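# Tertiary structure, described
What follows is the residue order along each chain.
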Amino acid sequence: MHTPDAPADAPRKPLIRKAAEAFMATTLALMVIAVFSNVVLRYAFGTGLVIYEELSRLLFVWLVCMGTVVTAHEKRHLSFDLLIDRVGPRTRAAMGVLATLVSAIVLGMVAKGAWDQVIAGLRSFSPVIGYPLAVAAAATLFMAVAMEILLFKQAVLDRPRG
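Within each chain, residue numbers correspond to sequence positions counted from 1 in written order. Residues qualify for local features only when their pLDDT is at least 70, as the model is predicted, and side-chain atom pairs are given and counted only at 80 or more; totals for whole chains, interfaces and linings, by contrast, use all residues. Only heavy atoms go into the side-chain values, all of them from the structure, while hydrogens and water stay out.

### Topic: the layout of surface pockets
- Counted as a void, the largest pocket has a volume near 910 Å³.
- Looking at the largest pocket, it is lined by 26 residues, and the ones nearest its centre are Ala-99, Thr-100, Ser-103, Leu-151 and Gln-154.
- Note on conventions: DSSP H or I runs of at least 4 residues are helices, E runs of at least 2 residues are strands, and numbering of each starts at the N terminus. Listing elements by their share of the lining of the largest pocket, those giving two or more residues are helix H2 (50-73), helix H3 (89-121) and helix H4 (134-157). In this analysis the probe radius is 1.4 Å and the grid spacing 1 Å, with only protein atoms considered; a cavity is a set of points the probe fits into but cannot get out of, a pocket is an open set with protein on both sides within 12 Å along at least five of seven lines, and lining residues have an atom within 4 Å of a point. Grid points are joined across faces, edges and corners, and a volume is the space filled by probe spheres set on the points.

### Brief notes about the side chain of Thr-27
- Tracing the backbone shows Thr-27 in helix H1 (residues 15-45).
- Among the residues examined, Thr-27 registers a relative accessible area of 2% and is labelled buried.
- For this analysis, residues touch if any pair of their heavy atoms sits within 4.5 Å. With residues up to four places along the chain from it excluded, the contact list for Thr-27 reads Leu-59 and Leu-63. Here's how the labels work: a residue is buried when its accessible area is under 20% of the maximum for its type, exposed when over 50%, partly exposed in between, all with a 1.4 Å probe on protein chains only.

### Comments concerning the side chain of Asn-38
- Considering the arrangement of structural elements, one finds Asn-38 in helix H1.
- Sequence-distant contacts of Asn-38, that is, excluding residues within four places in its chain, are made with Thr-47, Gly-48, Leu-49, Tyr-52 and Glu-53.

### Some remarks on a nonpolar patch on the surface
- What makes a patch is a set of residues exposed beyond 30% relative accessible area and free of salt bridges, joined within 9 Å when like-charged and within 5 Å when nonpolar (Val, Leu, Ile, Met, Phe, Trp, Tyr). To measure how exposed things are, a 1.4 Å probe is used in the Shrake-Rupley method; for residues, cover is taken only from the protein chains shown. Definition used for salt bridges: Asp or Glu carboxyl oxygen within 4 Å of a side-chain nitrogen of Lys or Arg. On the surface, a cluster of nonpolar side chains totalling about 520 Å² of accessible area is made up of Leu-28, Val-32, Phe-36, Val-40 and Phe-45.
- Overall, the relative accessible area of 35% leaves Val-40 in the partly exposed class.

### As for the nonpolar core
- In this description, a nonpolar core means a group of buried Ala, Val, Leu, Ile, Met, Phe, Trp, Tyr and Cys residues linked to one another through side-chain atoms lying within 4.5 Å. Of all hydrophobic cores here, the largest spans 13 residues; its most connected members are Val-69, Met-143 and Met-147.
- Of all the secondary-structure elements, those providing two or more residues to this core are H2 and H4.
- With 6 residues, the top contributor of residues to this core is H4.
- Setting aside anything within four residues of it in sequence, one finds Met-147 in contact with Thr-68, Val-69, Ala-72, His-77 and Leu-107.

### Quick look at the pattern of salt bridges
- Here the structure, examined in full by the defined rule, presents 6 salt bridges.
- Between Asp-116 and Lys-112 there is a salt bridge, and its shortest N-O distance comes to 2.9 Å. Of the two residues, Asp-116 and Lys-112 both sit in helix H3, 4 residues apart, roughly one turn of that helix.
- Beyond isolated ion pairs, a larger network of salt bridges with shared partners links Lys-13, Arg-17, Glu-21, Glu-74 and Arg-76.

### A word on the packing of H1 against H2
- Interaxial angle, 0 to 180 degrees, is taken between N-to-C directions of lines fitted to C-alpha atoms, where a helix line uses only the stretch in contact. At their nearest, the axes of H1 and H2 sit 9 Å apart, and the two run at 150° to each other. In terms of orientation, H1 and H2 fall into the roughly antiparallel class. Considering the relative orientation of H1 and H2, their crossing is left-handed.
- Classification convention: Asp, Glu, Lys, Arg as charged; Ala, Val, Leu, Ile, Met, Phe, Trp, Tyr, Cys, Pro as nonpolar; all other residues, Gly among them, as polar. Residue composition of the contact of H1 with H2, grouped by class: 15 nonpolar, 5 polar and 3 charged. Orientation categories follow fixed angle ranges, with anything under 35 degrees roughly parallel, anything over 145 roughly antiparallel, 65 to 115 roughly perpendicular, and all other angles oblique. Should the near helix be turned anticlockwise from the far one by less than a right angle, the crossing is left-handed, and should it be turned clockwise, the crossing is right-handed.

Have a look at this one:
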């Protein structure tokens, strides 16, 4: 059986991809419930639950970071190809290598900064729910490490052999 928008011979999604999509769907559903509940409570009863604000903020951070990784895996990030389309194949290849190196360096810096925040967040706690702030910082660490792995895979393992 297949979905109407996917051909019958389309490859199956890996389990990790299905898990990521389930995580994002659950996160988004919880965010919608939390925010909608707070809106109703504020307008109907003149009150709200502060816990929902903090929870929706944490869920949003994880949703964005997980979505970023999924988008990187699908190679669907925005790209600016105005210059790349106007150069020859050798220059294009050199620019691709340069872009990969710059991306690896930036992701390494993000991972290092996120790691520092995770360590600092182990001793700091959110004011309402009381979870360690490392949980929120871990989303950025996860994103940077996962994207670094994907970058390595795409640059080294998936590279066409000549």
